[in-house]
Amino acid sequence: MKRGHLLALVIIAVASMVIISTVGDASSYVSFKEAKDIAEDGSSKKIHVVGQLKKNIQGEVVGVVPSSDRLSVSFVMVDQENVEQQVYYNEPMPSDLLISEQVVVVGNYKNDLFVADKILLKCPSKYEEEEIKV
């Protein structure tokens, strides 16, 4: 067997191992109910939950409470199954949180509270096309 063929086989084997190991860590979006069930089973893996911040009848965001030192924030989020859940984030509030269209929280449950390690936001202003007036 030529050295080139052997080297190609080694590279393919290493690439396959990397892909297989990362697939095991991949997470899909789940609801708060599913996330709670996963946590009750004893799993501590990070879970992705997608939803929106809770809004009142006028469409204003409610339930967002930054800590007094502004180093953490808690808020009420509604998932795609309309389940409300208090979420705690131990980092300063992201600047676009209140105007975000969708929120993805990555974390897990701790004592009936969803603790987010990461927050991903989809803000409408970033994706809207602006009109150019002539």
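Everything in this summary refers to the structure shown in the same document. (Residues numbered from 1 in each chain as written. Predicted model: local features only at pLDDT ≥ 70, side-chain atom pairs only at ≥ 80, totals over all residues. Heavy atoms only, no water.)

1. Overview of the environment of Phe 32
1) Next: Here Phe 32 shows up in helix α2 (residues 32–40).
2) Next: The class of Phe 32 is buried, set by a relative accessible area of 1%.
3) Next: Residues Phe 32 and Glu 84 lie 52 residues apart in sequence; the distance between their C-alpha atoms is 8.2 Å.
4) Next: Apart from the residues lying within four places of it in its own chain, the contact partners of Phe 32 are Val 49, Met 77, Asp 79, Val 83, Gln 85, Val 87, Tyr 109 and Phe 114. (Helix = DSSP H or I, 4+ residues; strand = E, 2+ residues; numbered from the N terminus. Buried < 20%, exposed > 50% of the residue type's maximum accessible area, 1.4 Å probe, protein only. Contact = heavy atoms within 4.5 Å.)

2. Things to note about the environment of Gln 85
1) Next: Its place among the elements puts Gln 85 in strand β5 (residues 84–89).
2) Next: The exposure class assigned to Gln 85 is buried, which follows from its relative accessible area of 10%.
3) Next: With 29 residues separating them along the chain, Gln 85 and Phe 114 place their C-alpha atoms 7.4 Å apart.
4) Next: Each residue touching Gln 85, except ones within four places of it in the same chain, is listed here: Phe 32, Phe 75, Val 76, Met 77, Tyr 109, Asp 112, Leu 113 and Phe 114.

3. Looking at a nonpolar patch on the surface
1) Next: On the surface, a cluster of nonpolar side chains totalling about 250 Å² of accessible area is made up of Leu 6, Val 10 and Val 14.
2) Next: As for its position among the elements, Val 10 is in helix α1 (residues 3–25). (Patch = residues over 30% accessible without salt bridge, like charges linked within 9 Å, V, L, I, M, F, W, Y side chains within 5 Å. Areas by Shrake-Rupley, 256 points an atom, 1.4 Å probe, with all protein chains shown as cover. Salt bridge = Lys/Arg side-chain N within 4 Å of Asp/Glu carboxyl O.)

4. Focus: the pairing of strand β4 (residues 73–79)
1) Next: Counted residue by residue, β4 has 7 buried out of 7 residues, so it is predominantly covered.
2) Next: Alternating residues of β4 divide into Val 73, Phe 75, Met 77 and Asp 79 and Ser 74, Val 76 and Val 78, and every residue in both groups is buried.
3) Next: Across 3 bridges, strand β2 (residues 47–53) lies against β4 in antiparallel orientation. Bridge assignment links Gly 51 to a residue of β4, and that residue is Asp 79.
4) Next: Here strand β3 (residues 65–66) pairs with β4 via 2 bridges, running antiparallel. Considered in β4, the bridge of Pro 66 is made with Val 73.
5) Next: Linking β3 to β4, which pair antiparallel, is a turn of 6 residues; within it Arg 70 sits at a positive phi near 60 degrees.
6) Next: By the bridge criterion, 6 bridges tie β4 to β5 in an arrangement that is antiparallel. (Pairing = 2+ DSSP bridges.)

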